[in-house]
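# Survey of secondary and tertiary structure
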Amino acid sequence: MKDIKILAIETSCDETAASVVQNGNKVLSNVVISQIESHKRFGGVVPEVASRHHVELITIVIEEAMQEANLKPEDLDAVAVTYGPGLIGALLVGLNAAKAYAFAHDLPLIPVHHIAGHIYANQLERKLQFPLVALIVSGGHTELIKMNEHLDFTVLGETRDDAVGEAYDKVARVLGLPYPGGPEIDRLAKEGEDTYKFPRAYLDKDSYDFSFSGLKSAVINTLHNERQKNNPINEKDVSRSFQESVIDVLTEKTLDAIISEDVKDLIVAGGVAANSGLRGRFETLSEKHGFNLYIPALKYCTDNAAMIGAVAYDLYLKKHFADLDLNGQNYIDIEEFSF
Ligand code: KG4
Ligand code: ZN
C-alpha cells in the first residue's frame, strides 16, 4: 500500500507547531515553537498574545516542517489540523492556515480533536493496544478516557474545575516561582516532605471526576495565613505536600478505572506527565498491579503537531474529511469525536 503523508498543524494554546507524519507513526518532521518566554512575564498564557504569535509564526513552522521532511506539497496526501478544544483565537490561526494550504494544493482537510492527539502521541512510539485507559494531564485538561478501539473514546472522568497543570501554575505563582510552575514545584518537591497534609478531593466514591480548586485554595490560604503571622514558609514542604495530594488522587482514580474496566494498558500524556513524582508512583503501581504503563517522550507529551498527524492517519483511512467551512471550537466533547 502507498505511504500516506500528512501535514499536521497545531495551534490550540501557546505552541505553534507543524509536522509531517507518514502512516500515522513515522515522524518525518516535527517543528514546535513555544511562546513560553513571551507569556512568562504575565505569569500565564494570554490568549490574545498567543494568537498574535501564531499569526507571525504559522507560515514559518509549516515551511520548516516541509523542508525538514524534504517534501513538496504535491507529495502530501492530506492536511490535518486541531479544530478544538483550545483557545478560539489561537485555534483559528492554525485552522485558516490549514484550510488555505489544503485549498491551494487540492488536498483533503482532516479535523482533529486535541485530546485525541495527546492519546495518539503514543502511536508515534508503539502501536496502541485496546482496550486502554488514558490519563491526559496538562495546563488545560485533566481527563480519564477509555478506548475500546481506534477512534472510540469514552470519558470516564474529567476535572470539574481547574486542570492539574493550572493548579500547579497558580500555586507556583503564589510561591513566587516563575511560569510554568509545574517543573519548579516538581523540583522543590523532591527535597521536601508532606508535612502540610493538604486535602485530597475524591468527590463521590464511584466518580472518576477530579477537582483541584479546593486543594489550590487550601495551599494559597495556608501561605497567606503563614505570611500574615510572619511564620517562615518551607517552600519545599509546601511543594511536596501539594504534589502528594495531586498524585494520590490522580493515581488512585486511574488505578480504580484500570481495575474496574479490566484494562491492561495505561497511557499518561500531557505536560504534567513530565512530573517525576507522578511517573514514579505510576511505575510502582504498574509493577504491583501488573498493567503496562506508557508515557510518550516529553517532546510528544507536550503540545506538538506530530500527535495530530498520528490521529489524522486513522481518519484518513476512514475518509473523514472536513469541508472548508470547518470552524474552530473552544470545547468539543471527545465522545463526539468517535467514528
Ligand atoms: O501539555 P502542556 O505543555 O500544555 C497544555 O497545557 O496543553 O502542559 C503544560 C502544563 C503546565 O501547566 C506546566 O506547569 C505543566 O504542564 N508541567 C508540569 C511539569 N512540567 C510541565 N507539571 C508538573 N510537573 C512537571 N514536571
Ligand atoms: Zn495539550
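These figures come from a predicted structure and were not determined experimentally.

The next thing to look at is the pattern of salt bridges. Considering all chains together, one arrives at 17 salt bridges under this definition. Ionic pairing is found between Arg187 and Glu184, a salt bridge with its closest N-O pair at 2.7 Å. Taken as a pair, Arg187 and Glu184 lie in helix 6 (residues 181-189) at a separation of three residues, close to a single helical turn. Among the charged side chains, a network of salt bridges with common partners joins Asp194, Lys197, Arg200, Arg240, Glu244, Asp248 and Arg281.

Right, let's talk about the coordination of the zinc ion (ligand 2) for a bit. On the protein side, the zinc ion (ligand 2) has His114 (NE2), His118 (NE2) and Asp303 (OD) as donor atoms, found 2.1 Å from it. Classification of the site at the zinc ion (ligand 2) as irregular follows from its four donor atoms and the range of 86 to 141° in their angles at the metal.

A few words on the site of ligand 1. Taken together, 18 residues lie around ligand 1, and Gly139, Asp169, Gly182, Gly271 and Asn275 are the ones closest in. Gly140 places a main-chain nitrogen or oxygen 3.4 Å from an oxygen atom of ligand 1. Take Asn275: an N or O atom from its side chain is 2.9 Å from a nitrogen atom of ligand 1. In the complex, the protein chains occlude 88% of the 560 Å² of accessible area that ligand 1 would expose alone. Only helix 5 (164-174) and helix 6 provide two or more residues apiece to the shell around ligand 1. By residue class, the composition of the shell around ligand 1 is five nonpolar, 10 polar and three charged.

Note that Ala8 resides in strand 1 (residues 5-10). Its relative accessible area of 0% is what places Ala8 among the buried residues. As a C-alpha pair, Ala8 and Leu255 span 247 residues in sequence and 33 Å in three-dimensional space. For Ala8, the residues in contact, after removing those within four places along its chain, are Ala17, Ala18, Ser19, Ala80, Ala305, Ile308 and Gly309.

Once that is clear, we can look at the environment of Tyr83. Structurally, Tyr83 is set in strand 4 (residues 78-84). Judged by relative accessible area, Tyr83 falls into the buried class, the value being 12%. Setting aside chain neighbours within four positions, we find Tyr83 in contact with Leu91, Leu95, Pro111, Val112, His113, Leu326, Asn327, Gly328, Gln329, Ile332 and Phe337.

Attention now goes to helix 5. Among the residues of helix 5, those classed as buried are Val164, Gly165, Ala167, Tyr168, Asp169, Val171 and Ala172. Against strand 6 (132-137), strand 7 (142-147), helix 6, helix 7 (213-228) and helix 8 (235-260) lie the buried residues of helix 5. Looking at the residues trailing helix 5, positive phi occurs at Gly176, about 80°.

Conventions adopted
- Residues numbered from 1 in each chain as written.
- Chains lettered and ligands numbered in written order.
- Predicted model: local features only at pLDDT ≥ 70, side-chain atom pairs only at ≥ 80, totals over all residues.
- Heavy atoms only, no water.
- Salt bridge = Lys/Arg side-chain N within 4 Å of Asp/Glu carboxyl O.
- Helix = DSSP H or I, 4+ residues; strand = E, 2+ residues; numbered from the N terminus.
- Donors = N, O, S within 2.8 Å, 3.2 Å for Na, K, Ca; no water.
- Tetrahedral: all angles 85-135°; square planar, octahedral: opposite > 155°, others 65-115°.
- Near = heavy atom within 4 Å.
- Polar contact = N/O pair within 3.5 Å; in protein donor to acceptor, adjacent residues only side chain to side chain.
- Areas by Shrake-Rupley, 256 points an atom, 1.4 Å probe, with all protein chains shown as cover.
- Nonpolar A, V, L, I, M, F, W, Y, C, P; charged D, E, K, R; others polar.
- Buried < 20%, exposed > 50% of the residue type's maximum accessible area, 1.4 Å probe, protein only.
- Contact = heavy atoms within 4.5 Å.

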